[in-house]
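# A closer look at the structure
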Amino acid sequence: LVLEGTGLGNVPGSAERGIAAAIERGLPVVNATRVPSGGVHAIYGGPGGVVTLRELGVLGAGGLSAAKARLLLMLLLASDAVDRFEEAVEVLAGW
């Protein structure tokens, strides 16, 4: 599941319960942002904030768009390597 947050990647606080339920079921959840530049940054806590999402186990897409994050997640799911998502984001950021 790839979330497309606003600004630095924050989502509505009302989405938090559903996100937590998805993670509890073992579904990988990735947080991207819809802004054209910048990326996801864990600055805000509280309901729907990226700090809170990270505490729940949400993976950060860094500077990848939601579309690119979905492609990367699909590749890693097919390779049984979802646990390396953030490592792959860092590698891609260096290109």
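Cut-offs and rules
- Residues numbered from 1 in each chain as written.
- Predicted model: local features only at pLDDT ≥ 70, side-chain atom pairs only at ≥ 80, totals over all residues.
- Heavy atoms only, no water.
- Buried < 20%, exposed > 50% of the residue type's maximum accessible area, 1.4 Å probe, protein only.
- Helix = DSSP H or I, 4+ residues; strand = E, 2+ residues; numbered from the N terminus.
- Arc of directions from axis to C-beta.
- Contact = heavy atoms within 4.5 Å.
- Pairing = 2+ DSSP bridges.
- Right-handed = clockwise from strand over helix to strand, strands pointing away.
- Axes fitted to C-alpha atoms, helices over the stretch in contact; angles between N-to-C directions.
- Core = buried A, V, L, I, M, F, W, Y, C linked by side-chain atoms within 4.5 Å.

With that settled, consider helix 1 (residues 16-24). Burial in helix 1 covers these residues: I19, A20 and A22. Projected down its long axis, helix 1 shows its buried positions confined to an angular sector of 160°, all on one face. The outward face of helix 1, more than 90 degrees from its buried face, is lined by the exposed residues R17 and E24. Residues of helix 1 that are buried sit in contact with strand 1 (2-5) and helix 2 (50-56). Positive backbone phi, approximately 90°, marks G26, located one or two places after helix 1.

So, on to the pairing of strand 1. Sheet topology note: the strand 1/strand 2 (residues 30-33) ladder contains four bridges and is parallel. Bridge pairing links V2 to V30 in strand 2. Regarding topology, helix 1 serves as the crossover connection from strand 1 to the parallel strand 2, and that connection is right-handed.

Moving on, we come to the sheet that holds strand 1. Judged by pairing direction, the sheet is parallel, and its three strands sit side by side in the order 1-2-3 without closing on themselves. Where the open sheet ends on each side, the last strands, each with one partner, are strand 1 and strand 3 (59-60). Docked against the sheet, helix 3 (residues 66-78) engages strand 1 and strand 2, running at close to 165° with respect to strand 1.

Attention shifts here to the nonpolar core. Of all hydrophobic cores here, the largest spans 16 residues; its most connected members are V2, V30, L72 and F85. Contributing elements (two or more residues each) for this core: strand 2, helix 3 and helix 4 (85-93). The dominant element in this core, judged by the number of residues it contributes, is helix 3, at five residues. In contact with V30, not counting residues within four places along its chain, are L1, V2, L3, V58, L59, A61, A69, L73 and F85. Counting seven residues, the second-largest nonpolar core is a separate cluster that includes V11, I19, A22 and V58.

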